[in-house]
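Listed here are the chains, written in short residue letters.
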Amino acid sequence: MDWKTRLLHSATAAPGGFRSLATPVWRGSTVVFESLADAHEHWQAETAGYAYGLFGTPTVLELAARIAELEGARHTFLTPSGMAAIALVYLSCCKAGDHVLLPWTAYGPNHALKGHLGRLGIEVETYDPMLGGKISERIRGNTSLIWAESPGSITMEIQDVPAIVAAAHAQGVPVALDNTYAAGVLFDAFAAGVDISIQALTKYAGGHSDVLMGSVSVRDETWLQRVGSTRHMFGMGVSPDDASLVLRGLQTLALRLERFGQSALKLAQWVKRQPGVRHVLHPALADCRGHDIWKRDFRGSASLFSVVFVPSVSAGQVREFADALQWFAAGYSWGGTRSLLMTYPGRRDLVERYGGQVLRLNIGLEDSDDLIADLAGAWPRLGV
Ligand SMILES: *Cc1c(COP(=O)(O)O)cnc(C)c1O
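Computed from a predicted model, the values in this text were never measured in an experiment. (Residues numbered from 1 in each chain as written. Predicted model: local features only at pLDDT ≥ 70, side-chain atom pairs only at ≥ 80, totals over all residues. Heavy atoms only, no water.)

1. Side note on the packing of helix H10 (residues 253-272) against helix H14 (residues 368-378)
Reasoning step 1: H14 packs onto H10 with a crossing angle of 30° between their chain directions and a minimal axis gap of 10 Å. Considered as vectors, H10 and H14 are oriented roughly parallel to each other. The interaxial crossing formed by H10 with H14 has right-handed handedness. Where H10 abuts H14, its residues Ser263, Lys266, Leu267, Trp270 and Val271 lie against Ser368, Asp369, Leu371, Ile372, Leu375 and Ala376. (Axes fitted to C-alpha atoms, helices over the stretch in contact; angles between N-to-C directions. Helix = DSSP H or I, 4+ residues; strand = E, 2+ residues; numbered from the N terminus. Parallel < 35°, antiparallel > 145°, perpendicular 65-115°, else oblique. Left-handed = near helix turned anticlockwise from the far one by under 90°. Contact = heavy atoms within 4.5 Å.)

Encoded structure:
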């Protein structure tokens, strides 16, 4: 055999017997079969075994299985981002002529999809997140999907998901939940009856602001087939290197969530006592919309809360305050180790609904007293 052939077909290999605690990173596009007959038989559904790298290597499928186990799902599919998970739900549930209900508190880019879905003949209508079972009055003959997101992005309303599910199922409509805030563990989506639970694993599961990924977890075999076949045909695979980062993140998820929960609540309570604050939107505070439902349905709270300032505080003053902070960086996304903040100048509706400028804080793993000192030092910039 010529050395050039040997480069590709060497019989040598590393010695066996290596036992590591870490899941190996299996890369691969082509999967080879025992024989052609074997290849033809394997070319079936994603769950029928390894057929092509797009459908998952062992690293990817291990992560998917772990998310499914945590959420109590029949199966979990991984997607290149949380946004891709949202798109996959629409593609799996809706066709031209359908109607979708989305709470106005849902993740902004989910709302922004409306235009694209409109081009495909799918109408998205917003609803009040606090409707609960009264959502039944909004369901039409062509409603093919109801989204829930609890707490709401930015404004933290807790939805009565079991009541929404009961009303939806009574009319044969599936419910999909964006369960990113709960990391799939602080709220039990499938016990609440949802059909599909999605997460931006980018946030808490990844946990270190260095990877983008989403998950779509399904309740039963019917959804497994529908979401699985849609995902295949739209080519939504994930990289095993990224999956290994999320597998690493999962190992410390419990510790990070516990610390986030404690620190964020401590900061929220401190902020509530400061001058110029109209509301603090945090599900564990008694005046948060849906707080009683949070107490009934959630295992805890996480790293996010928002501050609504009194009307005299201007957007410019909030910007000056934010820019004076040392430990809070301005950035989209959240759920990593570092504290972040964001304001939403494009969302005039927030000022109208809440009566003041809204600032969202994501509390990281920094010492909570250092964070409080940082906020206290910049507070005079608010002019209150
Ligand atoms: C960030 C986020 C997403 C989207 O996740 P990406 O991975 O950034 O695309 C979806 N839903 C919620 C609630 C989010 O916060």
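Moving on from the coordinates now.
2. A closer look at the packing of helix H3 (residues 58-71) against helix H9 (residues 240-250)
Reasoning step 1: Packing of H3 against H9 brings their axes to within 8 Å, and their N-to-C directions diverge by 40°. Along this stretch, H3 crosses H9, giving a crossing that reads as left-handed. In contact with Thr59, Val60, Glu62, Leu63, Arg66, Ile67 and Leu70 of H3, H9 contributes Pro240, Ala243, Ser244, Val246, Leu247 and Leu250.
Reasoning step 2: In terms of residue class, the contact of H3 with H9 is made up of nine nonpolar, two polar and two charged. (Nonpolar A, V, L, I, M, F, W, Y, C, P; charged D, E, K, R; others polar.)

3. Focus: the packing of aromatic side chains
Reasoning step 1: Going through the model one piece at a time under the given rule, you end up with nine aromatic pairs.
Reasoning step 2: Over the aromatic face of Trp104 sits the side chain of Arg353, whose NZ or CZ is 3.6 Å from the ring centroid. (Phe/Tyr/Trp six-rings, centres within 6.5 Å; stacked < 30°, edge-to-face > 60°. Lys NZ or Arg CZ within 6 Å of the ring centre and 35° of its normal.)

4. A short note on the sheet that holds strand S2 (residues 99-103)
As a general point, the strands of a sheet are linked pairwise by backbone hydrogen bonds and lie either parallel or antiparallel.
Reasoning step 1: Strand order in the open sheet made by the seven strands is S1-S7-S6-S5-S4-S2-S3, with mixed pairing throughout. Each having just a single partner strand, strand S1 (75-79) and strand S3 (123-127) make up the two edges of the open sheet. Sheet twist, expressed as the average angle between the axes of neighbouring strands with direction ignored, equals 20°.
Reasoning step 2: For strand S6 (residues 196-200) and strand S7 (residues 214-218), the ladder comprises five bridges, and the chain directions are antiparallel. Across the sheet, Ile196 pairs through a bridge with Val218, a residue of S7.
Reasoning step 3: Packing against the sheet, helix H8 (residues 221-233) makes contact with S1, S6 and S7, and its axis sits at approximately 20° to S1. (Pairing = 2+ DSSP bridges.)

5. Quick notes on the site of the ligand
Reasoning step 1: Among the 14 residues in the neighbourhood of the ligand, the closest are listed as Gly82, Met83, Asp178, Thr202 and Lys203.
Reasoning step 2: In the environment of the ligand, a nitrogen atom lies 2.7 Å from a nitrogen or oxygen atom belonging to the side chain of Asp178.
Reasoning step 3: With respect to the ligand, the side chain of Lys203 contributes an N or O atom lying 2.6 Å from an oxygen atom.
Reasoning step 4: In a pocket analysis with a 2 Å cut-off to the grid points, the ligand is assigned to the largest pocket.
Reasoning step 5: Grouping the constituent residues of the shell around the ligand by class yields six nonpolar, five polar and three charged. (Near = heavy atom within 4 Å. Polar contact = N/O pair within 3.5 Å; in protein donor to acceptor, adjacent residues only side chain to side chain. 1 Å grid on protein atoms, 1.4 Å probe; cavity = no way out; pocket = protein on both sides within 12 Å on 5 of 7 lines; lining within 4 Å. Sits in = over half its atoms within 2 Å of the grid points.)

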